[in-house]
Amino acid sequence: MSADLPEMPDDDDELLAAEYVLRLLSADLEGVAARRVAEDPEFAARVHHWESRLADLAEELDEVKPSPRVRRALMASVSGAPESRARRWWLAAGLGAATLAALAYVAPLPFLTGGPDLGAELASADGALRFEAQVSGENLVLARLEGGPREGRALELWLIAEDDPAPVSLGVLPDADMAEITLAPAVAARLAGGTLAVSDEPPGGSPTGAPTGEVLAAAPLVEL
Amino acid sequence: MTTRSDIEALIARVALRDRGAFGALYDATSGKLLAICLSVLKDREEAEDTLQEVFLRIWNKADRYAVTGHSPMTWLITLARNIAIDRLRARQRAQNGQDGTETDTLPDSRPGPEASTIAASESQRIVNCLDELPDQRARAVRGAYLEGDSYADLAARFEVPLNTMRTWLRRSLQSLRECMSR
């Protein structure tokens, strides 16, 4: 088995990745491979690729309906979890009507009282970068659904107010799927009718106070 | 039928601790995920316990989904299968009276820069390619993936020496890779 250790030609890495995904490796080698997944992007890509190829095999299995106790236990164990403030607007804005109709369990939507004021769905032209934004008073929540900054770059969020073509920076986006931004009252007052945009910027954000890189995604804020 | 984008939207909402979405995701995918757990563990009660663990993991890890770059079902299937195999291996160790390290949380793989190109160039799917292998070899690959068989399990099942089994399976994987990239 020592022949499978790192520093081998491509074919051996490819096989090691496949055996790792299949869970055929001994505990020792599995540990070695797991470290490589974390540290070696090329090996991780091979693993990822095999995971994706092999997952198709699960199509051969007929679904088995779990007994109701599993769902009851699960729903009970998550019921104490804190609910996100963002939940209501997600229910309101996150899914189209057709999707909602298809999903039985979102039926009673308790989002109408005290919900968000404005929202926007931002997507790049190729769909590789997608965000949903929601504003309630002076709180803006931005959820990143797809994509992220380019290598060594940052993403910055801008407001282009209705009456002023100069974009106002709302901040550099953190490396997280959810960002919560507290807006200055003067900025919050200018949101209605405005447009949100995300631009590609150097790390730390635009050095000039105006977008310096490509505007990757933009969308008007609409009333929810 | 729940579509891929429906499931993706549900996972995104589960990441925001949306319990309604969690219930809907469970309803849409638990049948398939239980089938996988059962296929690996061959014990209904243990499979259902595992399913519960899988969904708790989904509840806690949904925010990791986007960075894996997988399709939503691939992510869910991979997660469920790995947890089921962790259980299977733990059970086998307990039966053999050995202790071992829980591998449990395998790190998330991510596509490298070239991965999407490779994926896009593959037109053949694995199911078609398995049909090109000799029957026993295709069954061995399925046994490893769908039932979590180890090399030792497979060698016993097909009554061949362990090293022969290993050679068979590696050749099969090479053939599959070639077939899928045709």
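Residues numbered from 1 in each chain as written. Chains lettered and ligands numbered in written order. Predicted model: local features only at pLDDT ≥ 70, side-chain atom pairs only at ≥ 80, totals over all residues. Heavy atoms only, no water.

Structural notes on the overall build of chain A
Right, so step 1: For chain A, the helix and strand inventory stands at seven helices and nine strands.
Right, so step 2: Counting the 224 residues in chain A, one finds 46% classified as buried.
Right, so step 3: Partitioning the contacts of chain A with sequence separation of at least 6, the portion at a separation of at least 24 is 58%.
Right, so step 4: About 10,700 Å² of surface is accessible on chain A, with carbon and sulfur atoms providing 53% of the total. (Helix = DSSP H or I, 4+ residues; strand = E, 2+ residues; numbered from the N terminus. Buried < 20%, exposed > 50% of the residue type's maximum accessible area, 1.4 Å probe, protein only. Contact = heavy atoms within 4.5 Å. Areas by Shrake-Rupley, 256 points an atom, 1.4 Å probe, with all protein chains shown as cover.)

Considerations on empty space enclosed by the protein
Residues and elements named next belong to chain A.
Right, so step 1: Within the structure shown, the criterion is met by three cavities of 30 Å³ or more.
Right, so step 2: Approximately 60 Å³ is the volume found for the second largest cavity.
Right, so step 3: When contributions to the lining of the second largest cavity are tallied by element, the ones reaching two or more residues are β3 (139-146) and β6 (178-182).
Right, so step 4: Here the lining of the second largest cavity gets three residues from one element, more than from any other, and that element is β3.
Right, so step 5: For the lining of the second largest cavity, the class distribution of residues is nine nonpolar, no polar and two charged. (1 Å grid on protein atoms, 1.4 Å probe; cavity = no way out; pocket = protein on both sides within 12 Å on 5 of 7 lines; lining within 4 Å. Points joined across faces, edges and corners; volume = space filled by probe spheres on them. Nonpolar A, V, L, I, M, F, W, Y, C, P; charged D, E, K, R; others polar.)

Focus: the sheet that holds strand β8 (residues 215-220) of chain A
Residue and element names in this part refer to chain A.
Right, so step 1: Across the sheet, four strands lie side by side as β5-β4-β7-β8; this open sheet has antiparallel pairing. The open sheet terminates on both sides in strands that have one partner only, identified here as β5 (168-172) and β8. Here the average twist between neighbouring strands, direction ignored, is 20 degrees.
Right, so step 2: Across five bridges, strand β7 (residues 195-201) lies against β8 in antiparallel orientation. Bridge pairing links T195 to P220 in β8. (Pairing = 2+ DSSP bridges. Axes fitted to C-alpha atoms, helices over the stretch in contact; angles between N-to-C directions.)

Notes on the nonpolar core
Right, so step 1: In this structure, L54(A), L33(B), I58(B), M165(B), L169(B) and L176(B) are the most contacted members of the largest nonpolar core, which totals 81 residues.
Right, so step 2: With 12 residues, the single largest contributor to this core is helix α2 (residues 19-41) of chain B.
Right, so step 3: Not counting chain neighbours up to four residues away, the residues in contact with I58(B) comprise V14(B), L25(B), L33(B), W75(B), L76(B) and L79(B).
Right, so step 4: In this structure, L155(A), A179(A), L216(A) and L221(A) belong to the second largest nonpolar core, which totals 26 residues. (Core = buried A, V, L, I, M, F, W, Y, C linked by side-chain atoms within 4.5 Å.)

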